[in-house]
Structures are given as structure tokens and as C-alpha cells.
Amino acid sequence: SAMGTPVIAFFGPNTPTLYGPRGQNHTIFYKNLHCSPCLTNYNSKNSRCKDYQCMTQITVDEVMTVIDDKYLKMAPFLENTIRSGDHHVVWNTP
């Protein structure tokens, strides 16, 4: 974020308002459920939650749509490839 690199961030039990990336061209996935954020300084960042709906409701399709629509337009040479560390993932685009 500080270097101007776009960030895709996932928040569920914590709040993006306090801990999310600053600046432009970032994407935050956060469902803002009635129970979220459940990890706060007020409860010493302890939660009794066992059903993590705040994270499981973020779908792979939702994330891939944002990557396709937003980030691949910034780098068209990555249209069918994403590199992450030692992993090389290829998917079919319509």
C-alpha cells in the first residue's frame, strides 16, 4: 500500500476502517455483518465465534471478478496468468 502497489485485502473478524490499506486502487472484501467486527481492543481481540460467516461469505467468484475487472485491465499481459511466489496459476477467461 505504501509503495503504491494495489492491495486486495480480506476483513471479517476485524475492521478495514482501522487496519485497511490507505490510498487508491485497493480492494477490500468485508461483509459488514451484524457480528463483525468481533475482534476489537474492547474484547482483547478474543472472540467466541466458531462460524466465521464474515469470511466464508466472500466467494472465490466475487474475488476473481474483481481481479478480472479491475486489476487485469491494469496489466493486460497477465490476462490468463497470476504468479504468486513459487505458484503459477492459470485460469480460463471468457
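All residue numbers refer to positions counted from 1 along the written sequence of the respective chain. In keeping with the predicted nature of the model, local features appear solely for residues at pLDDT of at least 70, side-chain atom pairs appear and are counted solely at 80 or more, and the whole-chain, interface and lining totals rest on all residues. Calculated side-chain values reflect all of the structure's heavy atoms, with hydrogen atoms and water omitted.

Okay, the side chain of Ser36 next. Numbered from the N terminus, helices here are DSSP runs of H or I no shorter than four residues, and strands are runs of E no shorter than two. Mapped onto the fold, Ser36 is located in the loop between strand 2 (27-29) and helix 2 (53-56). Take Ser36: its relative accessible area is 10%, and that puts it in the buried class. Of the polar contacts made by the side chain of Ser36, one reaches the side chain of Tyr30; its length is 3.4 Å. Working rule for contacts: check all heavy atoms of both residues, and any pair within 4.5 Å makes them a contact. When near neighbours in sequence (up to four residues on either side) are disregarded, Ser36 contacts Gly12, Pro13, Tyr30 and Cys54. Each residue's exposure class comes from its accessible area (1.4 Å probe, protein chains only) as a fraction of the maximum for that residue type: buried when under 20%, exposed when over 50%, partly exposed otherwise. As used in this structure description, the phrase polar contact means that two N or O atoms lie within 3.5 Å; if the pair is within protein, one of them must be able to donate a hydrogen and the other to accept it, and residues adjacent in sequence are counted only when both atoms belong to side chains.

Attention now goes to helix 3 (residues 60-71). Along its twelve residues, helix 3 runs 15 Å from first to last C-alpha, staying within 8% of the 16 Å computed at 1.5 Å per residue. Looking at helix 3, one finds that the buried residues are Val63, Ile67 and Tyr71. Axial view of helix 3: buried residues confined to an arc of 40 degrees, hence all on one face. Given the number of residues in a helix, its expected span is that number minus one, multiplied by 1.5 Å. Regarding the arc, it is the one traced by the directions from the helix axis to the C-beta atoms.

Moving on, we come to the confidence of the model for the chain. The pLDDT value expresses, per residue, how confident the predictor is, ranging between 0 and 100. Within the chain, residue pLDDT values average 76, and 76% of them lie at 70 or more. Mean pLDDT across the elements of the chain ranges from a minimum in strand 4 (residues 87-90), with 42, to a maximum in helix 2, with 91. Low pLDDT (under 50) marks residues 83-94, which in the prediction has 19 contacts with non-local residues, meaning those over four places away or in another chain.

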